[in-house]
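Read off the chains here:
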Amino acid sequence: MPKVTYRYPDGVARTIDVEVGDSVMFGATRNGLGGITAECGGVLSCATCHVYVDQAWCARVGPPGDDELDMLDAVAAERRDNSRLSCQIEVSDELDGLVVELPDAQ
Ligand code: FES
């Protein structure tokens with residue numbers, strides 16, 4: 001099962017096994033990790049699942065879609081070029097080892 005590492009602003013990191021086909025958001029919420037609120041449950045209408053994709057992974061994760069780009073305007077923390085909404089990142093074997101950083105607010 002692919003592993004995803006969630007890095008917190010205080011430097012703490014948690015590495016979780018996430019099912020192929022699950023989103024990076026579900027990997028966090030199903031395992032009780034804090035830092036991702038996901039108020040809309042993953043239907044791209046809340047922007048409270050914001051993460052920063054580790055720069056080394058950006059090319060493999062790919063860019064956000066048009067609807068996600070619009071929603072990224074609503075994130076609470078600083079928006080960066082590596083900002084993504086984690087409900088829109090589907091975990092695959094190719095993303096085994098993915099690292100995302102959580103913002104300081106959702
Ligand atoms: S969980 Fe609401 S936009 Fe991702």
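Counting restarts for each chain: residues are numbered from 1 in the order of the written sequence. For a predicted model such as this one, the threshold for reporting local features is a pLDDT of at least 70, and the threshold for listing and counting side-chain atom pairs is 80 or more; totals across whole chains, interfaces and linings nevertheless cover every residue. As a convention, hydrogens and water are excluded, and side-chain values are obtained from all of the structure's heavy atoms.

Draft legend 1. Looking closely at the pairing of strand E2 (residues 13-17). Two strands are counted as paired when DSSP detects at least two bridges linking them. Secondary structure counts use DSSP, requiring at least four H or I residues in a row for a helix and at least two E residues in a row for a strand, with both numbered from the N terminus. Summarising the sheet, strand E1 (residues 3-7) and E2 pair through five bridges and their orientation is antiparallel. Directly across from Thr5, in E2, lies its bridge partner Thr15.

Draft legend 2. Geometry of the side chain of Ser83. Within the secondary structure, Ser83 sits in strand E4 (residues 83-85). As used in this structure description, the phrase polar contact means that two N or O atoms lie within 3.5 Å; if the pair is within protein, one of them must be able to donate a hydrogen and the other to accept it, and residues adjacent in sequence are counted only when both atoms belong to side chains. A distance of 2.8 Å separates polar atoms of two side chains, one belonging to Ser83 and the other to His50. In this structure the side chain of Ser83 is engaged in a polar contact, spanning 2.8 Å, whose partner is the backbone nitrogen of Arg80. Ignoring anything within four residues of it in the chain, the contact list for Ser83 reads His50, Val51, Tyr52, Leu72 and Glu78. The contact criterion used throughout is that any non-hydrogen atoms of two residues lie within 4.5 Å.

Draft legend 3. Seen up close, the environment of Arg84. Take Arg84: it is sitting in strand E4. It is 20 Å that separates the C-alpha atoms of Arg84 and Asn31, two residues lying 53 residues apart in sequence. There is a polar contact of 2.7 Å between the side chain of Arg84 and the side chain of Glu68.

Draft legend 4. Fine view of the sheet that holds E1. Pairing is mixed in the open sheet, where five strands are placed in the order E2-E1-E5-E3-E4. One side of each edge strand has no neighbouring strand; the edge strands of this open sheet are E2 and E4. Between one strand axis and the next, the sheet turns by 35 degrees as a mean value, whatever way the strands run. Here the axes come from fitting lines to C-alpha atoms, over the contacting stretch only for helices, and the angles between their N-to-C directions go from 0 to 180 degrees.

Draft legend 5. Main features of the pattern of salt bridges. Put simply, a salt bridge is a Lys or Arg side-chain nitrogen that is within 4 Å of an Asp or Glu carboxyl oxygen. Per the stated rule, a full pass over the model turns up seven salt bridges. Asp73 is paired through a salt bridge with Arg79; the nearest N and O atoms lie 2.5 Å apart. Taking relative accessible area as the criterion, Asp73 reaches 61% and is therefore assigned exposed. For every residue, the accessible area (1.4 Å probe, protein chains only) is compared with the maximum for its type, and the residue is labelled buried under 20%, exposed over 50%, or partly exposed between those bounds. Note on Arg79: relative accessible area 36%, which makes it partly exposed.

Draft legend 6. Representation of the environment of Ala77 within the structure. Along the chain, Ala77 falls in the loop between helix H3 (66-72) and E4. Exposure remark for Ala77: the relative accessible area of 10% places this residue in the buried category. With residues up to four places along the chain from it excluded, the contact list for Ala77 reads His50, Tyr52, Pro103, Asp104 and Ala105.

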